[in-house]
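Overview (structure and organization)
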Amino acid sequence: MAEEKSISSRSSSSSKQRSRSRSGSKNSRTSRNSKKRTNFRGKKQYRNNEGRHAIQFPNMDGPLLDFEAFQEYYSTQDINQDKLRFYFSVYERKYESRQKELFVENHREEQWIQDKYNPKHRKQFFDERCAQSHLKFAAFVKQFNQGAFNKINFTISEAQLFELCELNDYYYNDEQEQPFWEFYLKEGVDTSKYFVSDPNQFCLFIKSVPLELSRNDILSTISKMAGYVSLTLSEPTKGSRMAWVEFDSEKSCLNILRAYENGFNIKDYSVNFQRQQDKRKIVRIFKAVEQKELLKDLQIQRDLIKALDKEKGITGNPILEGPIKDRDDPAFNKQLDLQSLYLRKVHSYCYWSAGEFSDQRLLVSKAGYLFLRLDVKRNIKLQWQEIIQSLAQKRIDDKPEPTLQELVDNEIAANAAKQKSSSSKPGVVPCLYCNKQFEGQNFLIKHISGKHPSTYEDETQKLSQQVIEQQMNNLYRKERQFKAIVSETNIQ
């Protein structure tokens with residue numbers, strides 16, 4: 001069946017002026033198709049003011065129509081060309097989104113989908129990430145206490161930029177809308193003062209990992225290898241995944257290559273280690289910063305560190321001790337850079353890219369080895385610091401992902417709430433298996449698990465698959481929504 005969607009025409013000129021005033025940007029109503037997006041909030045506003053004309057879109061489960069076929073589909077309706085082209089652009093976006101949903105639905109039983117969205121698998125991976133973060137925290141604090149970061153400074157001059165990077169056409173033909181440049185590091189440049197670590201230094205590569213193997217299948221074998229540190233898995237490409245396995249030293253890498261020179265088996269599949277090829281190192285350089293926004297950046301970074309530390313059970317963080325620095329404090333930039341480095345090193349979160357990654361390798365590949373600020377004044381129109389702050393605040397406000405048992409308990413309590421009588425007190429939930437009533441879900445679940453253990457176990461078994469399906473759908477939808485927001489910012 002065709003999908004119905006309300007699409008509105010643009011507001012009147014007076015509405016445009018009010019919208020433009022609220023967004024605070026002359027360019028806030030730029031077309032969604034434009035690559036030069038200039039105002040995140042204005043973009044949202046533009047979408048919400050998109051007219052009120054409803055049309056029936058073609059079937060999203062069939063083949064994609066080209067514009068000529070799309071035009072023919074609406075040949076009996078009086079729609080002008082400009083509006084039809086706008087509808088076609090909406091149709092293309094909706095079609096792409098639907099095809100991705102169908103892809104997940106058709107492959108949901110494959111292990112890589114289960115690894116990514118199944119709450120049981122996600123909990124295991126989260127525990128693995130927590131353990132890695134604790135190790136990185138200990139190493140960071142050791143360096144901090146030894147004074148390794150006393151001279152930290154991620155602000156560079158143009159002269160230093162020329163020494164550090166291979167400049168390209170983007171530098172000389174500058175696009176105002178982009179908040180940063182991406183350059184290659186020059187070969188042989190000393191980056192020790194920026195505390196750069198190369199995730200490929202002690203790494204072996206598996207080119208083809210069968211999709212039938214889960215992360216746990218791979219870990220059960222390689223985690224027993226001497227010197228194992230961590231595992232990174234890619235998204236599927238051409239019917240397989242790639243894997244990067246980090247070891248603790250060059251000696252461990254050589255020993256593993258010798259021991260498994262003929263490959264090894266994981267379940268019924270044969271895989272081979274090989275050396276990871278060196279890649280050019282990419283650096284991101286901010287063209288300029290709004291000085292008045294830096295104090296807010298410092299505070300949001302501080303709140304973000306507290307939230308991520310709490311989420312992973314890290315306590316006693318020495319870099320958060322003492323009051324927040326004032327903008328006029330000589331140590332202000334040092335504290336800002338220290339917090340930026342901590343987020344990258346310990347939590348694989350690049351604040352200045354507004355991106356969180358599962359490990360250091362993915363962070364480096366997506367956000368560069370370094371993120372430095374250029375110490376010059378430039379007229380940057382894009383309100384990128386506000387975008388970064390908004391996305392960081394969203395991450396701070398995120399609630400911890402519920403465990404599978406918590407999801408099941410929620411479902412049991414919801415079923416119980418449906419059975420409550422109209423005469424029951426507000427907030428009181430009845431037990432489905434006896435006549436007792438309880439104020440709140442926690443007391444109800446504690447009662448059922450303690451007084452009706454066999455029934456509770458049966459309900460858990462019965463509801464587990466149902467809540468797994470629901471949560472997988474919810475997680476996929478949430479991921480798509482976040483990617484849509486980030487893509488509009490043009491930050492990553």
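Note that the coordinates shown come from a computational prediction; the quantities given were computed from them, not determined experimentally.

Within the protein, the regular secondary structure consists of 17 helices and 17 strands. Looking at the protein as a whole, 43% of its 492 residues qualify as buried. Long-range pairs, those at least 24 residues apart, make up 69% of the contacts in the protein between residues at least 6 apart in sequence. Summed over all atoms, the accessible surface of the protein reaches about 27,200 Å², with 47% contributed by carbon and sulfur.

With their axes 8 Å apart at the nearest point, helix H6 (residues 119-145) and helix H12 (residues 332-347) run at an angle of 145° to one another. Contacts between H6 and H12 involve Ser133, Lys136, Phe137, Phe140 and Phe144 from the former and Leu338, Leu341, Tyr342, Lys345, Val346 and His347 from the latter. Among the residues making up the contact of H6 with H12, the classes are represented as 7 nonpolar, 2 polar and 2 charged.

Below, the discussion takes up unusual backbone geometry. Its identity is not glycine, yet Lys267 carries a phi of approximately 55°, on the positive side. Despite not being glycine, Ser348 shows a phi value in the positive range, around 50°. With respect to the secondary-structure elements, Ser348 resides in the loop between H12 and strand S13 (349-350).

Right, let's get into the side chain of His347. Tracing the sequence through the fold places His347 in helix H12. By relative accessible area, His347 is classed as buried at 1%. There is a polar contact of 3.3 Å between the side chain of His347 and the side chain of Lys312.

So, on to H12. Between the first and last C-alpha of H12 there are 22 Å, a value that for 16 residues agrees with the 22 Å anticipated at 1.5 Å per step. Within H12, 13 of the 16 residues are buried, which leaves the element mostly enclosed by the surrounding structure.

Turning next to the nonpolar core. Counting residues in hydrophobic clusters, the biggest one holds 57 residues, and the most contacted among them are Leu161, Ile285, Tyr351, Trp352 and Leu372. Among the elements that make up this core, the one with the highest residue count is H12 (7 residues). Trp112, Ala413, Phe438 and Ile468 belong to the second largest nonpolar core, which has 24 residues in total.

Now for the pattern of salt bridges. By the definition in use, this model includes 17 salt bridges. Here Glu311 makes a salt bridge to Arg395, at a shortest N to O gap of 2.8 Å. Of the two residues, Glu311 is situated in helix H11 (residues 291-311) and Arg395 in helix H14 (residues 384-397); the sequence distance between them amounts to 84 residues. Accessibility expressed as a relative area gives 26% for Glu311, which makes it partly exposed. Taking relative accessible area as the criterion, Arg395 reaches 13% and is therefore assigned buried. A salt bridge links Glu356 to Arg395, with the shortest nitrogen-to-oxygen separation between them at 2.6 Å. Within this pair, whereas Glu356 is found in strand S14 (residues 355-356), its partner Arg395 is found in helix H14, the two being separated by 39 residues in sequence.

Further remarks concern the sheet that holds strand S6 (residues 203-210). Strands in a sheet are paired, the pairing made by backbone hydrogen bonds, and the direction either parallel or antiparallel. Strands sit in the order S7-S8-S6-S11 across an open sheet of 4 strands; the sheet is antiparallel. Of all strands in the sheet, those with a lone pairing partner are strand S7 (228-233) and strand S11 (274-275), marking the two edges. One ladder, built from 2 bridges, connects S6 with S11; its direction is antiparallel. By the bridge assignment, Phe205 is partnered in S11 with Gln274. Sitting on the sheet, helix H9 (residues 215-222) touches S6, S7 and strand S8 (240-247), and the angle it makes with S7 is about 155°.

Cut-offs applied
Residues numbered from 1 in each chain as written. Predicted model: local features only at pLDDT ≥ 70, side-chain atom pairs only at ≥ 80, totals over all residues. Heavy atoms only, no water. Helix = DSSP H or I, 4+ residues; strand = E, 2+ residues; numbered from the N terminus. Buried < 20%, exposed > 50% of the residue type's maximum accessible area, 1.4 Å probe, protein only. Contact = heavy atoms within 4.5 Å. Areas by Shrake-Rupley, 256 points an atom, 1.4 Å probe, with all protein chains shown as cover. Axes fitted to C-alpha atoms, helices over the stretch in contact; angles between N-to-C directions. Nonpolar A, V, L, I, M, F, W, Y, C, P; charged D, E, K, R; others polar. Polar contact = N/O pair within 3.5 Å; in protein donor to acceptor, adjacent residues only side chain to side chain. Expected span 1.5 Å × (residues − 1). Core = buried A, V, L, I, M, F, W, Y, C linked by side-chain atoms within 4.5 Å. Salt bridge = Lys/Arg side-chain N within 4 Å of Asp/Glu carboxyl O. Pairing = 2+ DSSP bridges.

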